[in-house]
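Now for the letters of each chain:
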Amino acid sequence: MIVEYESKSSAVHRLDPRVKFAWMLAAIVISVMWTHPVYLILLGLTVVGFGLLAGFPWSKIRGVLSFMVIVTAIITLVQGATYVPKTVTLDEPARVLFHMIPGWIPGVGPACSIKVGGFLYGIGMALKVVTVLVVVAIFGYTTSPSEIVQIIARVPFIPYQVGFVMSTAWKFVPVVQMQMRTLMDAHRSKGVDFEQGTFAEKIKKTSGIVLPLFANSLSMADTMALAMESRAFGSSRKFTFIRPYQMDRFDWVVLIGSLGSMVACIALLAVFKLGAL
Amino acid sequence: MASDIISLKDVTFNYKGSNRRALDGISLNVKQGECVAILGPTGAGKSTLACVINGTVPRFMDGNLAGEVTVDGLVPAKVGTAQMASRVGLVFGDPDTQLFGMTVEEDVAFGPANLGLDYESIMERVDKSIADMRLAGLERRAPHRLSGGQKQATAIAGVYAMLPKIMVLDEPTSMLDPEGKARVFGIVRMLKEQLGVTVVLIEQEVDDIFGLADQVFVMRSGKFVLHGVPREVFGRVEELRQAGVRVPQIVEFGTLIGAAETPFSIEEAVSAVGRARDAGLGPSPSPASAPTPTPTSTNEAAAQTAARATACLREACKIAQADPVVEAVDVEFTYPSGARALDGVNLAIGRGDLVAIVGQNGAGKTTLTRHFNGLLRPSSGDIRVLGRSAQGVHTIELCRHVGYVFQNPDEQLFCTSVQEELRFGPTNIGADPGATSQRVEEILADIGLTKYREVWPKYLTKGERQRLALASVVAMDPDVLIVDEPTTGLDWVESLQILDYLERLRSEHRKTIVIITHDMNIVSLYARRVVVMAGGRVVGDGTPREIFSQPDLMELACLRRPPIADLSQALWGEVLLTPADAAAKLLASRPTNSGVCSK
């Protein structure tokens, strides 16, 4: 989980969960289909706008984004150095943009040429990854696990218990994370230094947490299962959701906008190659 | 006359793969609308009994169940979950494992929604449950953001919304602070008196049960060893002790002063004392139960009691100033989430002291003590350990001097055998292997786990695991031992074993002991100094008597003093800490009798 759900009353939080799911689906599909960086930047800007509307805490993904900058830089350079795509917008995709080892280095330079096509393709790939990550984070931040259960439960032939178990597992993640932190603190209090030692030693130290973490999680899950059983979980085929959603005008606008954009993008890409590199 | 809503006849149960009988010939009859309390040490079979009543044993937990069980006319083992869940509600001790909704409202609706009721019926039940359990205004709050008492009230509301005729509450206050406990007992009283629900209450808090329960059953090793109305059961002091159940303080006081009629409430105790004075009856105290040596005369005892309390504070202050082992200097701490947990804490703890840090959940107790071994670092201010600033000193170095025992033993036992667990810490800090082996042997004997040296800690009882967790830190031979909630989930005998061990470490090995606790009985008996925290600050500091004598401070920190403190206040206008102290004070007015005192 990138960012935990937070109960707020932003316009995005108030949206019907199915609409939010449709928005997420549309954004992911479009980002997967488009390859041109400029179009992907435009998509990214709409996602950022949606995030701002939701009051999304950008600082919470700063760490992930910093990591992604490194990953995307590597993707871009590797693609630029190794791949020349067939494009519809570039005259010379194989043209060399620059050399990673410049010519002024005697003996070895110029070498490792970065081609325009591969470079732009790499940027596109990196933008896709970041966009999907942010879209999923915004969805998770604005949609409670119980709303996700409702979405899954409305899928034909899937019993609501499946969705409920999935959402409970989701809610369980921060509990397990907290447990892991406590176990690490308890190790530190007994003289274990996780930062010191070789890679193999660090792995060995960390593995000391696995057994108690596993045993404690099982025991907690067992108690939860007993508590659920005691409240008649799974006793009826029917489950009544306490928030019967009704689509209002804004829901319809976002739903039609999301699905309409998705269909339009697919069509324009297929017919006019719009969004393709 | 009301009919039996719960009827158990000669019920036995063995868990699958175990030869031991978790329940051994249990017979129980509960009438509709009654409140039945079940007491007993951990492992007595109380939780198993609760699960038999709601049918999760044997449906959910495998084993052999024999005997007759009838609950509201049904045989729980034979009917479906929904049928039983709408008749019997089961609430557990840990509220965090029984809250499933993202909001209080959603959580309360979980049970009725599982029954497939329509939306209007669910909301009707949810609204009523929330109102009845005094949760109005918290409907949209996320359960994990509630206080412990509010969480447990939400768990009870979730069960109550299924409109059960019977509520089984399995140690519902075991993880709560005094305010949370008071809230839950208030709810139990309301369930019984106003809502007509039959309540089966499994508890360790004997002082609160007297006014609540119609019948009391005491369990030990799967059997009922004592049962009857509260006056009958709580009057049998020796049998209670033998069963491992704490005797209510007022009852113990009555026994110590040799009251003709055992008092069960403060009012009755005041009357008993009045009658004893009027009749000039000679009390027959039981010095054997007193934790400190018997003084030569009762006048002396009373004088000693008062003098020792004052001296204790002076001594605590003196040792803290003269030889502080850990100090917090203007410490402030804010969590990355922005929550301010400590707000300018100044505290010095002296060598050889036993300090209890008390206060409501979220007061900053754990946050403060985690600074002493470097698990947390102050946002501003300084922590000093053995006179040196801890700034820049690694946790691994600090843990040689400050040992930290976490609340849940299962979060600090990592090894596959008891003796490995005891070697783990000393090995990490590079202790001499020969000396470690000798120390491990001594500690195994000290904590009574020698015969379990090869056993996987998971197979030990909760009390044994708690002792092992504590010993695994003691094995590192730190100067200071911080123990977070050492008695949570333990019965009275196990709690005393833990605290006796800590007191031995203090008195015999001059260790400094810091305990974080909600248990005021433990504070009364063992603490030499009490530090009260509220809102991230130290708001009170003194001997237990001094702290319990300040009602405003107690209210500010949401603490409840033990009943004997209320009684002594009512009788003499001063706070005494134990029934033995109070008995000694009473006997002090009779110069020919001997008496007892503790602090």
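Residues numbered from 1 in each chain as written. Chains lettered and ligands numbered in written order. Predicted model: local features only at pLDDT ≥ 70, side-chain atom pairs only at ≥ 80, totals over all residues.

Before going further, it helps to spend a moment on the overall build of chain B. The number of helices and strands found in chain B is 24 helices and 19 strands. In terms of C-alpha radius of gyration, chain B reaches 25 Å, essentially the compact-globule figure of 25 Å for 599 residues. Taken over the C-alpha atoms alone, chain B extends approximately 70 × 65 × 50 Å along its principal axes. Every one of the 599 residues in chain B was classed for burial, and the buried ones make up 56%. (Helix = DSSP H or I, 4+ residues; strand = E, 2+ residues; numbered from the N terminus. Rg over C-alpha atoms; globule rule 2.2 N^0.38 Å. Buried ≥ 20, exposed ≤ 12 C-beta atoms within 10 Å, placed from the backbone.)

This paragraph deals with the overall build of chain A. Helix and strand counts for chain A come out as nine helices and two strands. Compactness check: chain A gives a C-alpha radius of gyration of 24 Å against a globular reference of 19 Å for 277 residues, more than 25% above the reference. Overall, chain A is about 75 × 60 × 30 Å in size when its C-alpha atoms are taken along their principal axes.

Before going further, it helps to spend a moment on the interface of chain B and chain A. On the chain A side, the residues contacting the 53 residues of chain B number 38 residues. Contributions of two or more residues to the side of chain B that touches chain A are made by α3 (81–85), α4 (104–114), α5 (119–132), α6 (148–160), α15 (395–398) and α16 (418–428) of chain B. Per-element accounting of the side of chain B that touches chain A gives the leading share, six residues, to α4 of chain B. A per-class count over the side of chain B that touches chain A returns 28 nonpolar, 18 polar and seven charged. (Contact = placed C-beta atoms within 7 Å. Nonpolar A, V, L, I, M, F, W, Y, C, P; charged D, E, K, R; others polar.)

Membership of the largest hydrophobic core comes to 196 residues, with the highest contact counts inside it found for Val52, Val200, Leu201 and Val218 of chain B. Among all residues touching Leu201 of chain B, those that are not within four sequence positions of it are Cys35, Val36, Ala37, Leu169, Val188, Leu212 and Ala213 of chain B. Within the second largest apolar cluster, 37 residues are counted, among which are Val12, Ala137, Phe139 and Leu277 of chain A. (Core = buried A, V, L, I, M, F, W, Y, C linked by C-beta atoms within 7 Å.)

What follows concerns the sheet that holds strand β2 (residues 21–31) of chain B. Residue and element names in this part refer to chain B. The three strands are arranged β2-β1-β4 in an open sheet whose pairing can be described as antiparallel. In this open sheet, the two edge strands, each paired with only one partner strand, are β2 and β4 (63–71). Within this sheet the neighbouring strands show an average axis-to-axis angle of 0 degrees, counted without direction. In the packing of helix α1 (residues 46–54) onto the sheet, contacts are made with β1 (4–15), β2 and β4, and the angle to β2 comes to roughly 55 degrees. (Pairing = 2+ DSSP bridges. Axes fitted to C-alpha atoms, helices over the stretch in contact; angles between N-to-C directions.)

With that settled, consider helix α2 (residues 17–33) of chain A. In this model α2 of chain A runs 24 Å from its N-terminal to its C-terminal C-alpha over 17 residues, within 8% of the 24 Å that 1.5 Å per residue would give. Every buried residue of α2 of chain A is accounted for by Pro17, Val19, Lys20, Ala22, Trp23, Met24, Ala26, Ala27, Ile30 and Ser31 of chain A. (Expected span 1.5 Å × (residues − 1).)

Right, let's get into the pairing of strand β11 (residues 340–350) of chain B. All names here are of chain B. Note: strand β10 (residues 324–334) against β11, eight bridges, orientation antiparallel. When the sheet's bridge partners are listed, Glu327 is paired in β11 with Ala348. The turn linking β10 back onto β11 is made up of five residues, and Gly338 within it adopts a positive phi angle of 100 degrees.

Once that is clear, we can look at the environment of Glu546 of chain B. Residues and elements named next belong to chain B. In this structure, Glu546 sits in helix α21 (residues 544–548). Its 18 C-beta neighbours within 10 Å are what place Glu546 among the partly exposed residues. Through-space distance from the C-alpha of Glu546 to that of Asn373 is 29 Å; in sequence the pair is 173 residues apart.

Residues with a pLDDT of 70 or more make up 95% of chain A, whose mean pLDDT is 83. Averaged over each element, pLDDT in chain A is lowest for helix α6 (residues 145–153) of chain A (74) and highest for helix α3 (residues 37–54) of chain A (93). (pLDDT = per-residue confidence, 0-100.)

Turning to the confidence of the model for chain B, a few remarks are in order. Residue and element names in this part refer to chain B. Residues at a pLDDT of 70 or more form 90% of chain B, whose mean pLDDT is 86. This model gives residues 282–310 a pLDDT under 50, and the stretch forms 63 contacts once residues within four places in sequence are excluded. Two numbers describe this predicted complex: its pTM, 0.76, and its ipTM, 0.79.

All right, on to the sheet that holds β10 of chain B then. Residue and element names in this part refer to chain B. Spatially, four strands are ordered β11-β10-β13-β14 in an open sheet, and the strand pairing comes out antiparallel. The outermost strands of the open sheet, each flanked by one partner alone, are β11 and β14 (388–389). Pairing between strand β13 (residues 380–385) and β14: two bridges, direction antiparallel. By the bridge assignment for β14, Val385 is matched with Arg388.

Along its sequence, chain A is organised into domain 1 (1–156 + 240–277) and domain 2 (160–236). In this structure, domain 1 of chain A and domain 2 of chain A have C-alpha centres spaced 32 Å apart. (Domains from an automatic or database assignment.)

The next thing to look at is the pairing of strand β3 (residues 35–39) of chain B. Residue and element names in this part refer to chain B. For β3, the tally of buried residues reaches five of five residues, placing the bulk of the element in the interior. Where burial is concerned, the two faces of β3 agree: the one with Cys35, Ala37 and Leu39 and the one with Val36 and Ile38 are both buried. Note: β3 against strand β8 (residues 215–220), four bridges, orientation parallel. Its bridge partner being in β8, Val36 is matched across the sheet by Gln215.

Turning our attention to the packing of α2 of chain A against α3 of chain A. All names here are of chain A. At a closest axis distance of 10 Å, the pairing of α2 and α3 adopts a crossing angle of 165 degrees. Judged by the inter-axis angle, α2 sits roughly antiparallel to α3. Classified by chirality, the crossing of α3 by α2 is left-handed. Contacts between α2 and α3 involve Ala27, Ile30 and Ser31 from the former and Leu40, Leu43 and Val47 from the latter. Residues belonging to the contact of α2 with α3 are distributed by class as follows: five nonpolar, one polar and no charged. (Parallel < 35°, antiparallel > 145°, perpendicular 65-115°, else oblique. Left-handed = near helix turned anticlockwise from the far one by under 90°.)

With that settled, the discussion passes to the environment of Ile130 of chain B. Residue and element names in this part refer to chain B. You can see Ile130 is positioned in helix α5. Given 23 C-beta atoms within a 10 Å radius, Ile130 is considered buried. Sequence separation of Ile130 and Thr48 is 82 residues, and the distance between their C-alpha atoms is 29 Å. Look past the residues within four positions of Ile130 in its chain and what remains in contact with it is Val104, Val108, Leu135, Ala136, Glu139 and Ala157.

Before going further, it helps to examine the packing of α6 of chain B against helix α7 (residues 178–193) of chain B. A pair of packed helices is characterised by two quantities: the angle between their axes and the separation of those axes. Residues and elements named next belong to chain B. One way to put it is that α6 packs onto α7 with a least axis distance of 8 Å and a crossing angle of 25 degrees. Relative to α7, α6 is oriented roughly parallel. In terms of crossing hand, the pair formed by α6 and α7 is right-handed. Across the interface between the two elements, Gly148, Gly149, Gln152, Ala153 and Ile156 of α6 pack against Glu179, Gly180, Arg183, Val184 and Ile187 of α7.

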